[in-house]
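The chain contents come next:
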Amino acid sequence: MKKREVWFDARNIESENKDNILNFVFEKNYDHLLITPEMYKTENLPKRMSIAVHVEKIEQLNELENVIIFSDDEKILKKAKEKELPTALFRVITKKEDLEYVYNNGAYYNHVCVLFYETTNIPLELLIAGFQKKDCVLMKFVNNVQDAEVVFGVMEKGSDGVIFTSRELREIEEMSMLADKANQVQLNLEIGKVVDVKHIGMGCRVCVDTTSILDKNEGMLIGSTSTGGILVSSETHHLPYMELRPFRVNAGAVHSYTWFFDNTIYLSELKSGMQVMAVNTEGRGRAVSVGRKKMEVRPLLKIEVESKTGKRINVIVQDDWHIRILGPKGKVYNASAIKIGDELLAYICEGGRHVGIKIDEF
């Protein structure tokens, strides 16, 4: 599952309500803001949001930087790509030819943004099927929360995101709450039986400090390969001689992967402001932001587990009692006390990654 994108369409807000609506949106859980070139010049835009600008004249590109270029004009989008700006193809779908154009050309752009006037979801289903193996983000315009819920559920997969057009504050808030809910994924965690525990000497390990408070049954999936990870606990359980850090996961060795929905990220590459996935013992994953990472040389421990299907994965963590690994029903294991035969929670998935993205190759 990709992370769902939720944009707020801020074009054409009535001037007397603009400040009130925008300030409200800026406080909510929206990823992107869709604006006009005039708003780009005059509005004080939040740094945390990605900005998409609706460009209708090619000369407007000269005034824009670090934004997504949203347009229905191929010449404008082509010029934006030459300037190495991300692009969003916009199309109003009113007939079969419009749908075919998007189907045949949409994957050339970073985003495909479609507006339907008919109530049927069949055209959206066709696009979801057509883009499911393509590396572009399919977005649909919606004007209320009920429509957004339907869009996220179409064909059990839904579109990759929505562009929200409502001006009602209650709807804007409810859409923000739905965005948070839509970006919680349910993972199938398995029981992995420990088959090997090995002290491997000194190495560099990474602590991930998030900007969220994590629960006692929550942590991060950490693994040495892209075929799966083991659930390493947050620092929410008793520690002798030191205070708890409920925002932290003492994750593992610097080479390790962690998961963010379908993709993997090296712990070594995490930076402040990036997002990772916090996962609990029930398999519920949610996006949390990285505040910082700490890399320090510590003794390391390799823990290898085997699933019921015979697949083996391992995690390398700091070799210390206060590192916790989570097991079935929320059981907490101290890393240095883990022994062969213990049962830990693991996530087994398809291997094969290129820059963190799934790829089918040998």
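All of these numbers come straight from a predicted model, not from anything done at the bench. (Residues numbered from 1 in each chain as written. Predicted model: local features only at pLDDT ≥ 70, side-chain atom pairs only at ≥ 80, totals over all residues. Heavy atoms only, no water.)

## Remarks on the overall build of the chain
Argument step 1. When its secondary structure is counted, the chain shows seven helices and 23 strands.
Argument step 2. Relative to the globule expectation of 21 Å for 362 residues, the C-alpha radius of gyration of the chain, 23 Å, shows essentially globular dimensions.
Argument step 3. Considered along the principal axes of its C-alpha atoms, the chain spans approximately 65 × 40 × 40 Å.
Argument step 4. Classification of the 362 residues of the chain by burial places 53% in the buried group.
Argument step 5. Across the chain, every contact between residues at least 6 apart in sequence was considered, and the portion connecting residues at least 24 apart equals 60%.
Argument step 6. Carbon together with sulfur atoms contributes 48% to the accessible area of the chain, which is approximately 18100 Å² in total.
Argument step 7. For the chain, the distance from the average position of its 48 positive side-chain charges to the average position of its 53 negative side-chain charges is 6 Å. (Helix = DSSP H or I, 4+ residues; strand = E, 2+ residues; numbered from the N terminus. Rg over C-alpha atoms; globule rule 2.2 N^0.38 Å. Buried < 20%, exposed > 50% of the residue type's maximum accessible area, 1.4 Å probe, protein only. Contact = heavy atoms within 4.5 Å. Areas by Shrake-Rupley, 256 points an atom, 1.4 Å probe, with all protein chains shown as cover. Lys, Arg positive; Asp, Glu negative; His and termini not counted. Charge placed at Lys NZ, Arg CZ, Asp CG, Glu CD.)

## A closer look at the packing of helix H6 (residues 145–153) against helix H7 (residues 169–182)
Argument step 1. Two numbers describe how H6 lies on H7: the axes approach to 9 Å, and their chain directions differ by 20 degrees. Here H6 is positioned roughly parallel relative to H7, judged by the angle of their axes. Crossing handedness for the pair H6 and H7: right-handed. On H7, the residues touching Val145, Ala148, Glu149 and Phe152 of H6 are Glu171, Glu174, Met175, Leu178 and Ala182.
Argument step 2. Of the residues in the contact of H6 with H7, the class split is six nonpolar, no polar and three charged. (Axes fitted to C-alpha atoms, helices over the stretch in contact; angles between N-to-C directions. Parallel < 35°, antiparallel > 145°, perpendicular 65-115°, else oblique. Left-handed = near helix turned anticlockwise from the far one by under 90°. Nonpolar A, V, L, I, M, F, W, Y, C, P; charged D, E, K, R; others polar.)

## Quick notes on the pairing of strand S16 (residues 275–280)
Argument step 1. A large share of S16 lies buried, amounting to five of its six residues.
Argument step 2. In this sheet, S16 lies alongside strand S11 (residues 218–225) in antiparallel orientation, the contact comprising two bridges. Across the sheet, the residue bridging to glycine 219 is valine 279, located in S16.
Argument step 3. The antiparallel pairing of S16 with strand S17 (residues 284–306) creates a hairpin that spans three residues between the two strands, and glycine 283 there sits at a positive phi of about 90 degrees. (Pairing = 2+ DSSP bridges.)

## So, the confidence of the model for the chain
Argument step 1. Predicted confidence across the chain gives a mean pLDDT of 90, with 95% of residues reaching 70 or more.
Argument step 2. Of all the helices and strands in the chain, strand S22 (residues 353–354) carries the lowest mean pLDDT, 47, while strand S19 (residues 324–326) carries the highest, 98. (pLDDT = per-residue confidence, 0-100.)

## Regarding the state of the cysteines
Argument step 1. This structure, assessed with the given rule, holds zero disulfides.
Argument step 2. The structure places no disulfide on cysteine 113, whose sulfur is separated from the nearest cysteine sulfur, that of cysteine 136, by 10 Å.
Argument step 3. A residue is classified by how much of its surface remains accessible, and cysteine 113, at 0% relative accessible area, is buried. (Disulfide = S-S within 2.5 Å.)

## Looking at the pairing of strand S14 (residues 257–260)
Argument step 1. Side chains Tyr257 and Trp259 project from S14 onto one buried face, and the interleaved Thr258 and Phe260 project onto a second face that is buried too.
Argument step 2. Bridge count between S11 and S14: two bridges; the pairing is antiparallel. Following the sheet pairing, isoleucine 222 is matched in S14 by threonine 258.
Argument step 3. Direction of pairing for S14 relative to strand S15 (residues 263–266): antiparallel, over a ladder of four bridges. Looking at the pairing, tryptophan 259 lines up with threonine 264 of S15.
Argument step 4. In this antiparallel pair of consecutive strands, S14 and S15, the connection spans two residues, and phenylalanine 261 shows a positive phi of 55 degrees.

## Details of the pattern of salt bridges
Two side chains carrying opposite charge are able to pair once their charged atoms lie near each other.
Argument step 1. Applying the stated criterion across every chain yields a total of 20 salt bridges.
Argument step 2. Of the charged contacts, one joins arginine 286 and glutamate 218 as a salt bridge, the two residues approaching to 2.7 Å between their closest N and O atoms. Placement of the pair is arginine 286 in strand S17 and glutamate 218 in strand S11, with a sequence separation of 68 residues.
Argument step 3. Residue classification places arginine 286 among the buried positions, given a relative accessible area of 19%.
Argument step 4. Overall, the relative accessible area of 0% leaves glutamate 218 in the buried class.
Argument step 5. The salt bridge involving arginine 298 is made with glutamate 296; its shortest N-O contact spans 3.5 Å.
Argument step 6. Looking at arginine 298, the relative accessible area reads 29%, which means it is partly exposed. (Salt bridge = Lys/Arg side-chain N within 4 Å of Asp/Glu carboxyl O.)

## Comments concerning the packing of aromatic side chains
Argument step 1. Counted according to the given criterion, the structure contains eight aromatic pairs.
Argument step 2. With centroids separated by 5.1 Å and ring planes inclined at 80 degrees, the aromatic side chains of tyrosine 108 and tyrosine 109 adopt a geometry described as edge-to-face.
Argument step 3. Judged by its relative accessible area of 4%, tyrosine 109 is buried.
Argument step 4. Centroid distance tyrosine 257 to tyrosine 266: 4.8 Å. Interplanar angle 15 degrees. Geometry classified as stacked.
Argument step 5. We classify tyrosine 266 as partly exposed; its relative accessible area is 34%.
Argument step 6. Positioned above the aromatic ring of tyrosine 108, the side-chain terminus of lysine 81 is 4.4 Å from the ring centre.
Argument step 7. The ring of tryptophan 321 has arginine 324 lying over it, and the distance from NZ or CZ to the ring centre is 4.7 Å. (Phe/Tyr/Trp six-rings, centres within 6.5 Å; stacked < 30°, edge-to-face > 60°. Lys NZ or Arg CZ within 6 Å of the ring centre and 35° of its normal.)

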